[in-house]
Amino acid sequence: MQLDLNLLAALDALLDEGSVAGAAERLYVTAPAMSRSLGRIRRTTGDQILVRTGRTMTPTPYAIAVREQVHELLQQVQSVLAPSRELDLTTLERTFTLRWHDSLVGLGGPALLAEVRRQAPGVRLRFIAESSTDTPELRRGEVDLEANANRPTQSDIRGELLAETGHVVVVRPDHPLARAKAVTLARYAEAEHITISRRGRFDNALDGALAQLGLTRRVVATAPTEAAGLRFVRDSDLLVTAPESTTRPTAADLGLVLLPLPFELPSAPVYLSWHQRYDTDPAHAWLRNLARAALTEAAH
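Only a predicted model underlies this, so the values are computations on that prediction, with no experimental measurement involved.

Considering the overall build of the protein
Line of reasoning, step 1. What the protein contains, in helices and strands, is 12 helices and 12 strands.
Line of reasoning, step 2. For the protein, whose C-alpha radius of gyration is 32 Å, the value lies well above the compact-globule estimate of 19 Å for 300 residues.
Line of reasoning, step 3. Principal-axis analysis of the C-alpha atoms gives the protein an extent of 105 × 40 × 25 Å.
Line of reasoning, step 4. The contacts of the protein with a sequence gap of at least 6 include a subset with a gap of at least 24, amounting to 73%.
Line of reasoning, step 5. A total of about 16,700 Å² of accessible surface is found on the protein, and carbon and sulfur atoms cover 51% of it.
Line of reasoning, step 6. A distance of 3 Å separates the average location of the 34 positive side-chain charges in the protein from that of its 36 negative side-chain charges.

Structure (structure tokens):
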């Protein structure tokens with residue numbers, strides 16, 4: 001049985017107005033059109049709905065019995081097909097899952113949480129670690145927002161470039177490079193390196209840039225996070241090459257030194273990513289705006 005939802009609106013108007021003319025005026029249609037709708041409603045329900053008594057029309061017992069139900073159903077349909085986009089942050093209760101690069105959690109996470117708590121006390125944030133493999137949680141709706149250096153490649157994943165930052169060399173204060181007058185390419189390549197890789201890779205784009213200059217470096221270890229890698233650097237003669245904006249705060253806390261990279265390397269981007277299903281979700285859009293502000297400020 002095929003149902004026309006327009007009949008539900010027509011029935012609601014007929015029962016409220018008690019006349020074809022009144023219902024037609026309410027729904028901005030002609031009286032003949034409303035009469036045809038009443039005829040279809042009668043054939044569908046098997047009930048007369050409204051019967052003439054003198055100069056007026058009187059609802060049947062069936063019409064009286066279903067009047068409230070019809071009105072409630074129409075409101076439910078309207079809420080589904082034309083949902084309200086108003087967002088009441090004071091009553092919002094929701095948990096958002098965010099998978100951010102560990103350095104971005106440290107940089108922008110506290111500011112984001114503070115603003116979320118101020119505006120919407122019922123909202124909780126779940127920060128989770130990045131996986132060692134590419135995982136589809138964004139597409140499955142298990143992660144609400146990602147923040148990292150990866151530009152989305154799938155058409156259903158939205159990605160917004162928030163910032164770009166150059167790379168620096170990070171060493172302990174008494175490292176040989178820190179005592180040298182300048183960081184030369186030869187000294188940089190000869191030093192022992194540690195790389196930051198959640199996949200445990202020893203090489204990255206940096207090695208390709210060095211290869212074009214006819215040089216190679218010696219990578220003796222990898223660390224899954226910048227925080228871990230910087231602690232290796234603090235306690236050894238290892239050096240790490242990392243994005244300046246994400247590394248500087250932690251390096252300062254650990255008393256490490258930032259030195260200029262002695263060759264050109266493409267800037268490290270910061271992308272905020274989400275699935276397209278959340279494009280028009282008011283709560284998600286609100287969180288995206290706050291995350292965008294927190295990460296942009298931290299990256300600059």
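Let's talk about the environment of leucine 73
Line of reasoning, step 1. Examined against the element boundaries, leucine 73 turns out to sit in helix H4 (residues 61-81).
Line of reasoning, step 2. A sequence separation of 61 residues divides leucine 73 from aspartate 12, and the C-alpha atoms of the two residues are 9.5 Å apart.

Describing the nonpolar core
One broad trend across soluble globular proteins is that nonpolar side chains are buried collectively.
Line of reasoning, step 1. By size, the foremost hydrophobic cluster in this structure holds 25 residues, and its most contacted members are Trp100, Leu112 and Trp286.
Line of reasoning, step 2. Secondary structure elements with two or more residues in this core: strand S3 (94-100), helix H5 (102-119), strand S4 (123-128), strand S5 (145-148), strand S12 (268-275) and helix H12 (282-299).
Line of reasoning, step 3. Each residue touching tryptophan 286, except ones within four places of it in the same chain, is listed here: Leu87, Leu89, Leu92, Phe96, Val116, Gln119, Ala120 and Val123.
Line of reasoning, step 4. Within the second largest apolar cluster, 20 residues are counted, among which are Leu14, Ile49, Met57 and Leu74.

Some points on the pattern of salt bridges
Line of reasoning, step 1. Here the structure, examined in full by the defined rule, presents 18 salt bridges.
Line of reasoning, step 2. Of the charged contacts in the structure, one is a salt bridge between arginine 139 and aspartate 156, with a shortest N-O distance of 3.0 Å. Residue arginine 139 is found in helix H6 (residues 137-140), and its partner aspartate 156 is found in the loop between S5 and strand S6 (157-165); the two are separated by 17 residues along the sequence.
Line of reasoning, step 3. On the accessibility criterion, arginine 139 (41% relative accessible area) is partly exposed.

Calculation notes
- Residues numbered from 1 in each chain as written.
- Predicted model: local features only at pLDDT ≥ 70, side-chain atom pairs only at ≥ 80, totals over all residues.
- Heavy atoms only, no water.
- Helix = DSSP H or I, 4+ residues; strand = E, 2+ residues; numbered from the N terminus.
- Rg over C-alpha atoms; globule rule 2.2 N^0.38 Å.
- Contact = heavy atoms within 4.5 Å.
- Areas by Shrake-Rupley, 256 points an atom, 1.4 Å probe, with all protein chains shown as cover.
- Lys, Arg positive; Asp, Glu negative; His and termini not counted.
- Charge placed at Lys NZ, Arg CZ, Asp CG, Glu CD.
- Core = buried A, V, L, I, M, F, W, Y, C linked by side-chain atoms within 4.5 Å.
- Buried < 20%, exposed > 50% of the residue type's maximum accessible area, 1.4 Å probe, protein only.
- Salt bridge = Lys/Arg side-chain N within 4 Å of Asp/Glu carboxyl O.

The values are spatial; any link to function lies outside them.
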